[in-house]
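# Coordinates in review
Chain by chain, the residues run as shown.
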Amino acid sequence: MSVVFVDRYMNQPLFHLAFPVNNIPQTKEFYVDGLGCEMGRESPHSIILGLGGHQLVAHVTDEPLQPQNGIYPRHFGLIFTSEVEWENLLERAQQKHLAFYQQPKRRFPGLPLEHRTFFLQDPFSNLLEFKFYCHPEAIFGQREFTAIGDRAAVSS
């Protein structure tokens with residue numbers, strides 16, 4: 001496994017995100033069994049997960065985790081470059097009965113910013129968004145547009 005990892009990922013930077021959870025077994029059920037994340041190291045207080053080749057680290061906290069109101073300001077996820085792969089994850093999430101925070105939809109239909117998206121909520125109220133852009137240049141480009149997410153126009 002480590003040789004495959006080195007060959008596959010070590011020639012590019014990897015993103016790392018740490019986030020709070022209250023329970024390691026529930027974390028594994030949602031992220032590994034549900035989403036299909038790769039398992040990394042595990043301790044009674046944290047677990048390393050692979051999501052799309054990037055490292056997530058779930059850290060147990062005893063503090064109560066409060067859900068935020070809406071999808072802003074905090075969520076994380078993946079942008080798929082293949083619509084088929086996006087649809088495959090959507091189908092997996094539906095089959096595994098994962099909690100949808102927002103059902104699949106199209107944002108900005110007919111515009112260069114058009115993308116498909118859905119949000120999941122893990123058992124600890126962390127929100128995850130999964131996107132597919134119809135026009136790949138919209139991922140970082142299309143700066144002449146100010147619309148971002150579900151909010152009205154947002155300027156830079």
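Small disclaimer: the values here were computed from a predicted structure and weren't measured.

Definitions and limits used
Residues numbered from 1 in each chain as written. Predicted model: local features only at pLDDT ≥ 70, side-chain atom pairs only at ≥ 80, totals over all residues. Heavy atoms only, no water. Pairing = 2+ DSSP bridges. Helix = DSSP H or I, 4+ residues; strand = E, 2+ residues; numbered from the N terminus. Phe/Tyr/Trp six-rings, centres within 6.5 Å; stacked < 30°, edge-to-face > 60°.

## Points about the pairing of strand β4 (residues 54–60)
Of the pairings in the sheet, the one linking strand β1 (residues 16–21) to β4 comprises six bridges and is parallel in character. Within β4, the residue paired with His16 across the bridge is Gln55. Two elements, strand β3 (residues 46–51) and β4, share six bridges in a ladder whose sense is antiparallel. Paired with Ser46 across the strands is His59, a residue of β4. Hairpin connection from β3 to β4: two residues lie between these consecutive antiparallel strands, with Gly52 at a positive phi of about 60 degrees.

## A few points about the packing of aromatic side chains
What the rule picks out here adds up to six aromatic pairs. Ring centres of Phe30 and Tyr31 lie 4.8 Å apart, and the angle between their planes is 70 degrees; on these two criteria the pair is classed as edge-to-face. Between Phe100 and Phe118, the aromatic rings sit 5.6 Å apart at their centres with planes inclined by 45 degrees, giving tilted as the arrangement. Of this pair, Phe100 sits in strand β6 (residues 100–107) while Phe118 is found in strand β7 (residues 115–121), placing the two residues 18 residues apart along the sequence. Through successive ring pairs, a cluster of aromatic residues spans Phe19, Phe30, Tyr31 and Phe76.

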